[in-house]
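This is what each chain is made of:
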Amino acid sequence: MASRSGTPTARTPAARNPPVAFEGAPWLARIREVWAEIREQGDYCAVVSLSPSFFVERLTGWGAHAAHGSRFPAVPLTEPVDPAGVLSAAAKVLIADRLCEQFGVTWGDCIAYGDSSSDKDLFVAVPISVAVNADHHLSDISTHSYQGMDLWEAYELVRHAQ
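Residues numbered from 1 in each chain as written. Predicted model: local features only at pLDDT ≥ 70, side-chain atom pairs only at ≥ 80, totals over all residues. Heavy atoms only, no water.

Kindly report on the pattern of salt bridges, identifying the contributing residues and their values.
Across all of its chains, the model carries 4 salt bridges by this definition. Measuring nitrogen to oxygen at the nearest pair gives 2.9 Å for the salt bridge that ties glutamate 37 to arginine 159. Pair noted here: glutamate 37 is in helix H3 (residues 31-40) and arginine 159 is in the segment after helix H8 (151-156), with a separation of 122 residues, a long-range link. The exposure class assigned to glutamate 37 is buried, which follows from its relative accessible area of 13%. Here lysine 92 and aspartate 119 are joined by a salt bridge, their closest N and O atoms 2.6 Å apart. Highlighted residues: lysine 92 in helix H5 (residues 89-103) and aspartate 119 in the loop between strand S3 (111-114) and helix H6 (120-125), separated in sequence by 27 residues. (Salt bridge = Lys/Arg side-chain N within 4 Å of Asp/Glu carboxyl O. Helix = DSSP H or I, 4+ residues; strand = E, 2+ residues; numbered from the N terminus. Buried < 20%, exposed > 50% of the residue type's maximum accessible area, 1.4 Å probe, protein only.)

A description of the nonpolar core should follow, citing residues and the corresponding values.
Val34, Trp35, Val47 and Leu59 are the most contacted members of the largest nonpolar core, which totals 27 residues. Of all elements in the fold, only helix H2 (18-24), H3, helix H4 (53-56), strand S4 (128-132) and H8 reach the threshold of two or more residues within this core. Beyond its immediate stretch of four places on either side in the chain, leucine 59 contacts Phe22, Trp27, Trp35, Val47 and Ala64. With 11 residues, the next largest nonpolar core counts Ala96, Leu122, Val126 and Ala131 among its residues. (Core = buried A, V, L, I, M, F, W, Y, C linked by side-chain atoms within 4.5 Å. Contact = heavy atoms within 4.5 Å.)

Tell me about H3, and please be specific about residues and values.
Buried residues of H3: Ile31, Val34, Trp35, Glu37 and Ile38, and no others. For H3, the buried positions fall inside an angular range of 155 degrees around the axis, keeping them on one side. For H3, the elements touching its buried residues are strand S1 (46-52) and H8. Of the residues trailing H3, glycine 42 is marked for its positive phi of about 85 degrees. (Arc of directions from axis to C-beta.)

I'd like a description of the sheet that holds strand S5 (residues 144-146), backed by residues and values.
Taken in spatial order, the 3 strands line up as S3-S4-S5 in an open sheet, and their pairing is parallel. The open sheet has two edge strands, S3 and S5, and neither has a second partner. Direction aside, the axes of adjacent strands within the sheet are offset by 20 degrees on average. Alignment of S3 against S4, held across 4 bridges, turns out to be parallel. Within S4, the residue paired with tyrosine 113 across the bridge is valine 130. (Pairing = 2+ DSSP bridges. Axes fitted to C-alpha atoms, helices over the stretch in contact; angles between N-to-C directions.)

Quick look at the structure:
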C-alpha cells in the first residue's frame, strides 16, 4: 500500500525491507552488462533519480559509479516524507554537474537516459539523450527514443556515438 502521493508507507515492502523490494523491482534487463561495458571503456555511469536514496544507492553494487536519490526518512518509514528532500528536475542537473566535475568530464561527454518529465532539464544539458519508455513530452526532446525492457537495446542506440 502507498499513500495517495505514491510515497511508500510503513506497510509497503520498500518501507519494511529495502533489499527485498530492490531485488523484486521491475528492472530493465541487462543493466549490469551495460554498466560493465561503460566501465570497461573507461567511462562513468551514474544514476540520479527521484526514487528514495536508500533504494537508488544500491545501484552502485550493480556497477554505477555514483547513485543519488531523494532524501526519505530511515526505514521503516515512520515519519512523513519532507517534500524538500525530493529531487527536482533542476536538482538533477546540479547533481549531474557536480558528477561531471568529480569525474573530470564535460556535459559534451555525457549521454542522459530518462523516462519522465523530471529528466527534461538533463536532456537539454547533454548533446545525446535516450528517452526510455517515455511519453512524447520527453521523447520529443530526446535525440533517441526506446520502448522496451532491455537497457542494452537502448544503449545500442548511442553506444558508438562518442
